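Survey of secondary and tertiary structure
So the chains spell out like this:
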Amino acid sequence: MIIRRGEQELVSFSSNDYLGLSQHPEAVAAANLATSSYGTGAGASRLVTGNHPLYRQLETALAKWKGEEAACVFGSGYLTNLGVIGALMGKEDIILADKLSHACLLDGALLSGATVRRFVHNDVDSCRKLLKEKRNNYGNCLLVTEAVFSMDGDLAPLAALAALAAEYDAWLLVDEAHALFGSRDWTAEGRSVIRTGTLSKALGSYGGYVCGSQALIAYLQTAARSLIYSTALPPGVLAAALAALAVEEREPQRAKKALENAQCFTRLMGLPPAQSAIVPLVIGEESRAMHLSAALQRSGYLVAAIRPPTVPPGTARLRFTFSASHTQSQLHGLVEALKKQMEGQAA
Ligand SMILES: *Cc1c(COP(=O)(O)O)cnc(C)c1O
């Protein structure tokens, strides 16, 4: 995880390349081969002439990896959520979204014209209360959350939300953009679960996808406007994602390693154990977070300071992301530099 900024080499703790797959020789070779065979661009929307056979291969592999019936690849994670929510929901409907849902989930919800309410972050009772009050006044109902929250790294109570969705005849949309693992460890009744994600984080390529039931995917292919009216992805991008997925399935220890690296960091820092590859260190004041980030950069570590409005006021933070490709010495070096800076600031 070394990046270069001008003359300086930095160890990055700010990349979403959790499995180190964006640099993997097999992914690079697959992208090169597809590009030299088919050219750099798709030339048209998938529904016109851009539907390269690699799409089918990638969608089959994604559905299998996630343990779902079918998958559909979009131009990006952002376009996936916009298209999926817009295709399913309209002005007679209601969307209940976790308060900390990613901007593109909220944009999709607003753009759909449905009524949108937000429930307290990861609070199943708050969601239930809204369902009790509102559900009966609307047609379709969609619950929206993230498997791993992008700024806090905590996990949603998915089994409980799925049970609520079943009880209240709602769909549950789970954005898995920051998830490291394929098949889910929670179950849901019926076919009410919709899982979206991105090819540009753990899989190191670019693009987005949705997976779920055969019927859902068939419907989305004819109704999701961000799929229909946007140019297909370049063949090299699809080939890279497909190759990365093959490596991921062959080497499941990569996902475990990313999580273990995050947990090693939280242990060394005396923080609560990491639940995912994302660890926030809430600093509070914006300027202090900026200073810490700058000081770490001078010591050779790239760590982003995240400020409002991306996070709530007063919770400016350093956001660390861990990858399977970080070494023990890089982790220890980071912790040493961070402790030194924090003690220096406190003094
Ligand atoms: C990054 C992210 C997206 C967008 O994915 P892209 O492929 O980068 O457009 C969507 N949802 C969440 C939660 C994300 O963190």
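Shown above is the structure to which this text applies.
**Some thoughts on the pairing of strand β8 (residues 193–198)**
- Buried residues dominate β8, accounting for six of its six residues.
- Alternating residues of β8 divide into V193, R195 and G197 and I194, T196 and T198, and every residue in both groups is buried.
- With four bridges connecting them, strand β7 (residues 171–175) and β8 associate as parallel partners. Pairing of D175 across the sheet is with T196, part of β8.
- Summarising the sheet, β8 and strand β9 (residues 208–212) pair through four bridges and their orientation is antiparallel. Bridge pairing links G197 to Y209 in β9.

**What about helix α3 (residues 53–66)?**
- Its 14 residues place the ends of α3 20 Å apart at the C-alpha level, agreeing with the 20 Å of an ideal helix rising 1.5 Å per residue.
- Those residues of α3 lying buried are L54, Y55, L58, E59, A61, L62, A63, W65 and K66.
- Against α1 (25–38), α2 (46–50), β3 (70–74), β8, β9 and α10 (235–250) lie the buried residues of α3.
- Immediately beyond the C-terminal end of α3, within one or two residues, lies G67, with a positive phi of roughly 70°.

**Thoughts on the sheet that holds strand β2 (residues 8–12)**
- An order of β1-β2-β11 is seen for the three strands of this open sheet, with the pairing classed as mixed. Two strands bound the open sheet, and with one partner strand each, they are β1 (2–5) and β11 (301–302).
- With two bridges joining them, β2 and β11 adopt parallel strand pairing. Across the sheet, the residue bridging to S12 is L302, located in β11.

**Concerning the nonpolar core**
- Ranked by size, the top nonpolar core spans 36 residues in total, and within it L58, L62, V73, L199 and L203 carry the most contacts.
- Of the residues forming this core, the biggest block, eight residues, is contributed by α10.
- Discounting residues that sit within four places of it in the chain, L199 has contacts with L58, L62, V73, G204, S205, Y206, G207, G208, Y209 and A241.
- The next biggest cluster of nonpolar side chains, apart from the first, holds 25 residues, and it includes A97, A109, V210 and L220.

**Section: the packing of helix α4 (residues 77–88) against helix α8 (residues 214–223)**
- As a packed pair, α4 and α8 sit with axes 10 Å apart at the nearest point and diverge in direction by 100°. The orientation of α4 with respect to α8, classified from their angle, is roughly perpendicular. Listed contacts from α8 to V84, A87 and L88 of α4 are L216, Y219, L220 and A223.
- When its residues are assigned to classes, the contact of α4 with α8 shows seven nonpolar, no polar and no charged.

**As for the packing of α1 against α10**
- The interhelical angle for the contact between α1 and α10, taken along N-to-C directions, is 155°, at an axis separation of 7 Å. In terms of orientation, α1 lies roughly antiparallel with respect to α10. Handedness of the α1/α10 crossing: right-handed. Of the residues in α10, those in contact with E26, A27, A30, A31, A34, T35 and Y38 of α1 are P235, G236, A239, A240, A243, V247 and R250.
- Across the contact of α1 with α10, the residue classes tally to ten nonpolar, two polar and two charged.

**Side note on the sheet that holds strand β4 (residues 94–98)**
- With mixed pairing, the seven strands of this open sheet are ordered in space as β3-β9-β8-β7-β6-β4-β5. At either end of the open sheet lies a strand with only one pairing partner, and these are β3 and β5 (115–119). Averaged over all pairs of adjacent strands, the angle between their axes in this sheet comes to 20°, without regard to strand direction.
- Seen against the sheet, α4 touches β3, β4, β6 (141–146), β7, β8 and β9 and runs at an angle of roughly 155° to β8.
- Packed onto the sheet, helix α6 (residues 124–134) meets β4, β5 and β6 and runs at close to 150° relative to β5.

**Concerning the site of the ligand**
- For the ligand, the set of nearby residues contains 14 residues, the closest of which are G77, D175, H178, T198 and K201.
- In this structure, G77 approaches the ligand through a main-chain N or O atom, which is 2.8 Å from an oxygen atom.
- Residue K201 places a side-chain N or O atom 2.7 Å away from an oxygen atom belonging to the ligand.
- About the coverage of the ligand: the protein hides 86% of its 380 Å² of free accessible area.
- Tallied by class, residues from the shell around the ligand come to three nonpolar, eight polar and three charged.

Basis of the calculations
- Residues numbered from 1 in each chain as written.
- Predicted model: local features only at pLDDT ≥ 70, side-chain atom pairs only at ≥ 80, totals over all residues.
- Heavy atoms only, no water.
- Buried < 20%, exposed > 50% of the residue type's maximum accessible area, 1.4 Å probe, protein only.
- Helix = DSSP H or I, 4+ residues; strand = E, 2+ residues; numbered from the N terminus.
- Pairing = 2+ DSSP bridges.
- Expected span 1.5 Å × (residues − 1).
- Contact = heavy atoms within 4.5 Å.
- Core = buried A, V, L, I, M, F, W, Y, C linked by side-chain atoms within 4.5 Å.
- Axes fitted to C-alpha atoms, helices over the stretch in contact; angles between N-to-C directions.
- Parallel < 35°, antiparallel > 145°, perpendicular 65-115°, else oblique.
- Nonpolar A, V, L, I, M, F, W, Y, C, P; charged D, E, K, R; others polar.
- Left-handed = near helix turned anticlockwise from the far one by under 90°.
- Near = heavy atom within 4 Å.
- Polar contact = N/O pair within 3.5 Å; in protein donor to acceptor, adjacent residues only side chain to side chain.
- Areas by Shrake-Rupley, 256 points an atom, 1.4 Å probe, with all protein chains shown as cover.

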